[in-house]
Amino acid sequence: MITFAAEKDWRKLAHKALNGECLTQEEGLAVLESDNDEVLPILQAAFLVRKHFYGKKVKLNMIINAKSGLCPEDCGYCSQSSVSTAPIKKYTLLDKETLLAGASEAMSRKAGTYCIVAAGKGPTDKELEQVVEAVKEIRETMPLKICACLGILKDGQTEKLAEAGVHRYNHNLNTSKANYPSITTTHTYNQRVETVEKVKKHGMSPCSGVIIGMGETNEEIIEMAFALRELDADSIPINFLNAIPGTPLENAGRTPAMKSLKVLALFRFICPSKEIRVAGGREVNLRSLQPLSLYAANSLFVGDYLTTAGQEVTADHQIIEDLGFEIEECALGGGEW
């Protein structure tokens with residue numbers, strides 16, 4: 001096991017990140033394989049970077065599961081996949097009024113970003129038009145940043161979303177390239193990368209992250225962070241597997257809270273200026289240590305996820321208040337509203 005014995009060594013990683021230098025794999029392993037006694041010094045070093053770019057502000061995001069189940073993909077982590085037997089609600093794409101009501105709910109939760117997520121390999125043209133119509137009205141009536149997550153986009157669809165006013169598009173890498181075939185076989189890692197590149201090309205902000213706890217090695221976690229740095233993803237959701245009964249990964253277990261904190265710090269060091277979001281599974285993996293995550297991360301999902309429950313929004317607001325941090329209620333720049 002590689003360890004750095006003193007706090008000043010972890011601060012060196014912070015200074016390296018602030019100077020625009022990338023960590024080496026050895027330094028990344030030092031973080032992930034450190035003794036748990038080192039977690040607080042590691043987080044303090046990560047906080048130096050987080051504070052430099054984001055101060056004490058916390059961005060809040062809310063998801064609406066706009067289309068549930070009915071997915072032909074075989075992703076082993078997902079309760080909505082074709083191979084899942086999890087008892088979930090299944091429905092086609094929500095109508096415009098329901099998507100608009102979700103946007104209003106995001107506002108009430110103090111979320112600056114509203115995420116429209118639909119299960120499936122990619123949207124049909126009809127589904128895309130439904131999303132586009134809702135996005136246009138949200139843009140006209142509410143000061144929200146809009147993120148869409150609709151799968152792999154066909155030619156012409158990316159342009160339509162950008163023209164409608166979608167600010168950000170999410171398409172997670174999820175795991176390492178080598179581990180990808182063990183998680184899903186119905187699409188490839190390269191298709192995910194190509195989608196993120198297409199989004200960037202058409203002017204939408206790229207959002208791409210990972211799911212920790214799917215059998216990856218520490219070296220692969222570092223590889224994921226390097227890949228997202230190379231992709232220049234603006235927003236990086238760090239999910240921790242919530243092993244759902246009925247999915248192929250139902251027996252995968254949970255990532256220990258201390259390991260989860262090390263992962264968040266690692267991504268802050270490697271992608272220092274990016275929005276690092278504590279995402280799905282934080283409640284069941286970080287448990288009582290959730291507040292510490294915000295020393296590395298600067299963003300949270302509030303409310304429920306796709307088919308799993310989050311904690312009460314008031315609990316998240318309380319965490320932020322108790323830390324002496326501040327919610328960034330509007331995610332838009334001054335010229336956008």
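Everything here concerns the structure above.
Residues numbered from 1 in each chain as written. Predicted model: local features only at pLDDT ≥ 70, side-chain atom pairs only at ≥ 80, totals over all residues. Heavy atoms only, no water.

> Honestly, the side chain of S293 in this entry has me stumped. Any pointers?
Among the structural elements, S293 can be located in helix 11 (residues 290–293). Residues within four places of S293 in sequence aside, it is in contact with L261, L264, V278 and L286. (Helix = DSSP H or I, 4+ residues; strand = E, 2+ residues; numbered from the N terminus. Contact = heavy atoms within 4.5 Å.)

> Hey, could you run me through the nonpolar core in this one?
Generally speaking, soluble globular proteins have nonpolar side chains that are buried together. Counting 89 residues, the largest nonpolar core has Y114, L161, I238, F267 and F269 as the members making the most contacts within it. Take this core: its biggest share by element is eight residues, from helix 9 (residues 257–270). Residues in contact with F267, not counting those within four places in the same chain, are V210, I221, M224, A225, L228, I236, I238, P272 and I276. (Core = buried A, V, L, I, M, F, W, Y, C linked by side-chain atoms within 4.5 Å. Buried < 20%, exposed > 50% of the residue type's maximum accessible area, 1.4 Å probe, protein only.)

> Please clarify how the layout of surface pockets should be interpreted in this entry.
Approximately 380 Å³ is the volume found for the largest pocket. Lining the largest pocket are 17 residues, and of these N65, Y91, D304, Y305 and L306 sit closest to its centre. Looking at the lining of the largest pocket, the elements with two or more residues in it are strand 1 (57–67) and helix 4 (96–108). At four residues, the largest contribution of residues to the lining of the largest pocket is made by strand 1. (1 Å grid on protein atoms, 1.4 Å probe; cavity = no way out; pocket = protein on both sides within 12 Å on 5 of 7 lines; lining within 4 Å. Points joined across faces, edges and corners; volume = space filled by probe spheres on them.)

> It is not clear to me how helix 6 (residues 157–164) should be interpreted in this structure. Could you clarify?
Owing to its 3.6 residues per turn, the α-helix brings residues three or four apart onto one side. If you check which residues of helix 6 are buried, you get Q157, T158, L161 and A164. Along helix 6, the residues classed as buried sweep out an arc of 130° about the axis, all on the same side. Buried residues along helix 6 sit in contact with helix 5 (125–141), strand 4 (168–170) and helix 7 (189–201). Trailing helix 6 by a residue or two, G165 shows a phi angle of about 110°, which is positive. (Arc of directions from axis to C-beta.)

> Just to check I follow, could you spell out the packing of aromatic side chains for this structure?
Enumeration over the complete set of coordinates arrives at five aromatic pairs. Between Y295 and F325, the aromatic rings sit 5.8 Å apart at their centres with planes inclined by 65°, giving edge-to-face as the arrangement. Separated by 30 residues along the polypeptide, Y295 in the loop between helix 11 and strand 9 (299–301) and F325 in the loop between helix 12 (313–322) and strand 10 (326–328) bring together distant segments of the chain. Seen in terms of ring centroids, F301 and Y305 are 6.3 Å apart; in terms of plane orientation they differ by 85°. Their pairing is edge-to-face. Assigned by exposure class, F301 and Y305 land together as buried. Put simply, the rings of F47, Y295 and F325 touch in pairs and so form one group of aromatic residues. The positively charged end of R277 is found above the aromatic ring belonging to F301, 4.8 Å away from the centroid. (Phe/Tyr/Trp six-rings, centres within 6.5 Å; stacked < 30°, edge-to-face > 60°. Lys NZ or Arg CZ within 6 Å of the ring centre and 35° of its normal.)

> In this structure, what is going on with helix 7? I would like to understand it.
Counted at 1.5 Å a residue, the expected span for helix 7 with its 13 residues is 18 Å, and the 19 Å between its end C-alpha atoms agrees. If you check which residues of helix 7 are buried, you get Y189, R192, T195, V196 and V199. The buried residues of helix 7 occupy an angular sector of 125° when projected down its axis, which confines them to one face. Exposed residues on helix 7 whose side chains face more than 90 degrees from its buried face are E194 and K201. (Expected span 1.5 Å × (residues − 1).)

> Quick question: what am I supposed to make of the packing of helix 5 against helix 6 here?
When two helices pack together, their arrangement is captured by the angle between the axes and the distance separating the axes. Closest axis-to-axis distance for the helix 5/helix 6 pair is 9 Å, and the angle between their directions is 15°. Comparing the axis directions of helix 5 and helix 6 gives the class roughly parallel. Crossing geometry of helix 5 relative to helix 6 is assigned as right-handed. When helix 5 is examined against helix 6, the residues D125, L128, E129, V131, V132, V135, K136 and R139 are found in contact with a partner set consisting of Q157, K160, L161 and A164. Each residue belonging to the contact of helix 5 with helix 6 can be placed in one class, and the counts come to six nonpolar, one polar and five charged. (Axes fitted to C-alpha atoms, helices over the stretch in contact; angles between N-to-C directions. Parallel < 35°, antiparallel > 145°, perpendicular 65-115°, else oblique. Left-handed = near helix turned anticlockwise from the far one by under 90°. Nonpolar A, V, L, I, M, F, W, Y, C, P; charged D, E, K, R; others polar.)

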